[in-house]
Amino acid sequence: MERGNGKNTAGEKRYLRAAYDAMNGHFGDLGWWPAETPFEVIVGAILTQNTAWRNVTAAIGNMKQEGLMSLAGILETDDETLADLIRPSGYYRIKTRRLKAFAGYLKENYGGDLKRMFAEEWRGLRKSLLNIHGIGRETADSILLYAGGKPVFVVDAYTKRILSRHGIIAEDADYDEIQALFMKNLPKDSGLYNQYHALIVNTGKEYCRKKAPRCQMCPLKGMKFGKRRA
């Protein structure tokens, strides 16, 4: 399906809004991201890379038990101790370096004050976050949306799987293309983006699974957009 004509854009908009209504009607308000503070959201966004959320929950629980869910807690704890605490999240030594890198960035640039950081215009802040060791697009956007309340749509593997199976994107569509699809066709609303992404994650986990998808029970059943052409 060629991009760039009004008919296609209108079809994309209808699909995205209809998909949201179908998933929202099925799941209801999901209240994602589960965290007590914006700082905890950021820690979770870094730890959730390449692992299941239940493993992140265990790692965060360990940090809280030791009183280390803070900027000082991360910066002042030696690498081996912190790595052992976040071991359940996998790649724990790598993630220790990433936590330290973000904490150092926050302290050096904003005196450790998240409010000062999120007072920045989100596009410029996104560029800065992407320069931090180990912070990629999905992690940066999760930080901006879920911790900072910025109107940035988060794209993940579930998003790509669902949209490609429904024919709205090509299988080789990249992150920026998929993100632009949502942000040009939906209102610039962080609450909407928050709930929409949570709905996609739940639909991907429960129905649009990588193996053995449960299409007959999926809230998006029958919503085929059509095949794309190069």
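Looking at the overall build of the chain
Looking only at helices and strands, one finds 12 helices and 0 strands in the chain. In sequence order, the chain lays out its α and β elements as α-α-α-α-α-α-α-α-α-α-α-α. Taking the principal axes of the C-alpha coordinates as reference, the chain spans close to 55 × 35 × 30 Å. Scored against the burial criterion, the 230 residues of the chain give a buried share of 47%.

As for the packing of helix α8 (residues 122–130) against helix α9 (residues 137–147)
Put simply, α8 and α9 touch, their axes get as near as 10 Å, and they point 135 degrees apart. In this view, α8 runs oblique relative to α9, as classed from their interaxial angle. In this structure, α8 crosses over α9, and the sense of that crossing is right-handed. Here Trp-122, Leu-125, Arg-126, Leu-129 and Leu-130 of α8 lie close against α9, whose contacting residues are Arg-137, Ala-140, Asp-141, Ile-143 and Leu-144. Of the residues belonging to the contact of α8 with α9, the class tally is 7 nonpolar, no polar and 3 charged.

A look at empty space enclosed by the protein
Summed over the entire model, instances satisfying the criterion amount to 2 cavities of 30 Å³ or more. At the level of elements, α1 (6–27), α10 (157–165) and α12 (190–206) are the ones that each hand at least two residues to the lining of the largest cavity. Per-element tally for the lining of the largest cavity: the top contributor is α1, with 4 residues. Broken down by class, the residue content of the lining of the largest cavity amounts to 10 nonpolar, no polar and no charged. For the second largest cavity, the calculated volume is near 30 Å³.

A short note on the packing of helix α2 (residues 38–47) against helix α6 (residues 92–110)
It is at 9 Å that the axes of α2 and α6 come closest, and there the two elements cross at 145 degrees. For the pair α2 and α6, the crossing hand works out as right-handed. Where α2 abuts α6, its residues Phe-39, Ile-42, Val-43, Ile-46 and Leu-47 lie against Lys-95, Arg-98, Leu-99, Phe-102 and Leu-106. Residue composition of the contact of α2 with α6, by class: 8 nonpolar, no polar and 2 charged.

A few points about the state of the cysteines
Taken as a whole and judged by the stated rule, the model has 0 disulfides. Left without a disulfide partner, Cys-208 is nearest to the cysteine sulfur of Cys-218, which lies 6.3 Å away. By relative accessible area, Cys-208 is classed as buried at 10%. Cysteine Cys-215 remains unbridged, with the sulfur of Cys-208 as its closest cysteine sulfur at 6.5 Å. A relative accessible area of 47% places Cys-215 in the partly exposed class.

A few points about the layout of surface pockets
Reported here for the largest pocket is a volume of approximately 830 Å³. Lining the largest pocket are 29 residues, and of these Thr-48, Thr-51, Glu-138, Asp-156 and Tyr-158 sit closest to its centre. Secondary-structure elements contributing two or more residues to the lining of the largest pocket are α3 (53–65), α9, α10 and α12. Considering each element in turn, the lining of the largest pocket owes the most residues, 6 residues, to α12. Classifying every residue of the lining of the largest pocket by side-chain character gives 11 nonpolar, 9 polar and 9 charged.

Structural notes on the side chain of His-197
Tracing the sequence through the fold places His-197 in helix α12. For His-197, the side chain forms a polar contact with the side chain of Tyr-146, separated by 2.8 Å. Not counting chain neighbours up to four residues away, the residues in contact with His-197 comprise Tyr-146, Phe-153, Val-154, Asp-156 and Thr-159.

The rules behind these values
Residues numbered from 1 in each chain as written. Predicted model: local features only at pLDDT ≥ 70, side-chain atom pairs only at ≥ 80, totals over all residues. Heavy atoms only, no water. Helix = DSSP H or I, 4+ residues; strand = E, 2+ residues; numbered from the N terminus. Buried < 20%, exposed > 50% of the residue type's maximum accessible area, 1.4 Å probe, protein only. Axes fitted to C-alpha atoms, helices over the stretch in contact; angles between N-to-C directions. Parallel < 35°, antiparallel > 145°, perpendicular 65-115°, else oblique. Left-handed = near helix turned anticlockwise from the far one by under 90°. Contact = heavy atoms within 4.5 Å. Nonpolar A, V, L, I, M, F, W, Y, C, P; charged D, E, K, R; others polar. 1 Å grid on protein atoms, 1.4 Å probe; cavity = no way out; pocket = protein on both sides within 12 Å on 5 of 7 lines; lining within 4 Å. Points joined across faces, edges and corners; volume = space filled by probe spheres on them. Disulfide = S-S within 2.5 Å. Polar contact = N/O pair within 3.5 Å; in protein donor to acceptor, adjacent residues only side chain to side chain.

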